Amino acid sequence: DKIHCPYYSMYIEGKKKVRFLLSAKTFSPSGPLYISSSEDFPLLDSVPKKGYFARLQRQRDRSFTLYLNHCHLCDYRLGFFTCGPGCDREVLARVSYHYQRFKAINLDYKCIKVQLPAISKSGKRKIWCPRAFSNAFPSLPRDSTMEACIKELDINSAFSFRNEMPE
């Protein structure tokens, strides 16, 4: 029996036509969501080695990390073509959530926190990859995973956005 895994397609509506933007699919119920710019990507039955540009991975702490399939620092600036162990490459975002009680109206709501790389004084986006983090935080081991590196984020390396209920 084949397990059904969801897939998603995103389109943009223009004045004259609908245009495809991207597709995404998970290949196992608890696996990462692979994101592609190919409209045929959801037709695949097994995890591809190529054809996707990013993946959304759930972490042990129930947060989500959006990984690129490449790294602007290692691949383009340094020419190393590898950042860290396994498929940990450049990270574009980290999203976490928790539930909070809004006592005034007896409601539980989901609080979402999104962290994005900060913009440097020169106007360029900071790059989150294991190599960049090990340079910024020398106390981290060279073989650190992105999960370990992101926990070291400080106010200067990330924008953080949170939703909050009105007072």
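Presented here is an overview of the structure given in this document. A quick note: this is a predicted structure, and the numbers were derived from the prediction, not measured. (Residues numbered from 1 in each chain as written. Predicted model: local features only at pLDDT ≥ 70, side-chain atom pairs only at ≥ 80, totals over all residues. Heavy atoms only, no water.)

### Some remarks on the overall build of the protein
Looking only at helices and strands, one finds 3 helices and 8 strands in the protein. In the protein, buried positions account for 35% of the 167 residues. Across the protein, the fraction of contacts at a sequence separation of at least 24, relative to all contacts at a separation of at least 6, is 39%. Accessible surface computed for the protein: about 11500 Å², of which carbon and sulfur atoms make up 55%. (Helix = DSSP H or I, 4+ residues; strand = E, 2+ residues; numbered from the N terminus. Buried < 20%, exposed > 50% of the residue type's maximum accessible area, 1.4 Å probe, protein only. Contact = heavy atoms within 4.5 Å. Areas by Shrake-Rupley, 256 points an atom, 1.4 Å probe, with all protein chains shown as cover.)

### Notes on the packing of aromatic side chains
The tally for this structure, following the rule as stated, stands at 5 aromatic pairs. Taking the centre distance of 4.8 Å and the plane angle of 80° together, the rings of Y34 and Y52 count as edge-to-face. Here Y34, found in strand 3 (residues 33–36), pairs with Y52, found in the loop between strand 3 and strand 4 (54–58); they are 18 residues apart in sequence, far enough to count as distant. Centre to centre, the rings of Y97 and Y99 are 6.3 Å apart; their planes meet at 85°, and the pair counts as edge-to-face. Y97 sits in the partly exposed class, given a relative accessible area of 25%. A relative accessible area of 55% places Y99 in the exposed class. Counting every residue linked through ring pairs, the aromatic cluster contains F27, Y34, F41 and Y52. The cationic tip of R55 hangs over the ring face of Y67; the distance from NZ or CZ to the ring centre is 4.3 Å. Note that K110 overlies the ring of Y97, its terminal NZ or CZ placed 4.7 Å from the centroid. (Phe/Tyr/Trp six-rings, centres within 6.5 Å; stacked < 30°, edge-to-face > 60°. Lys NZ or Arg CZ within 6 Å of the ring centre and 35° of its normal.)

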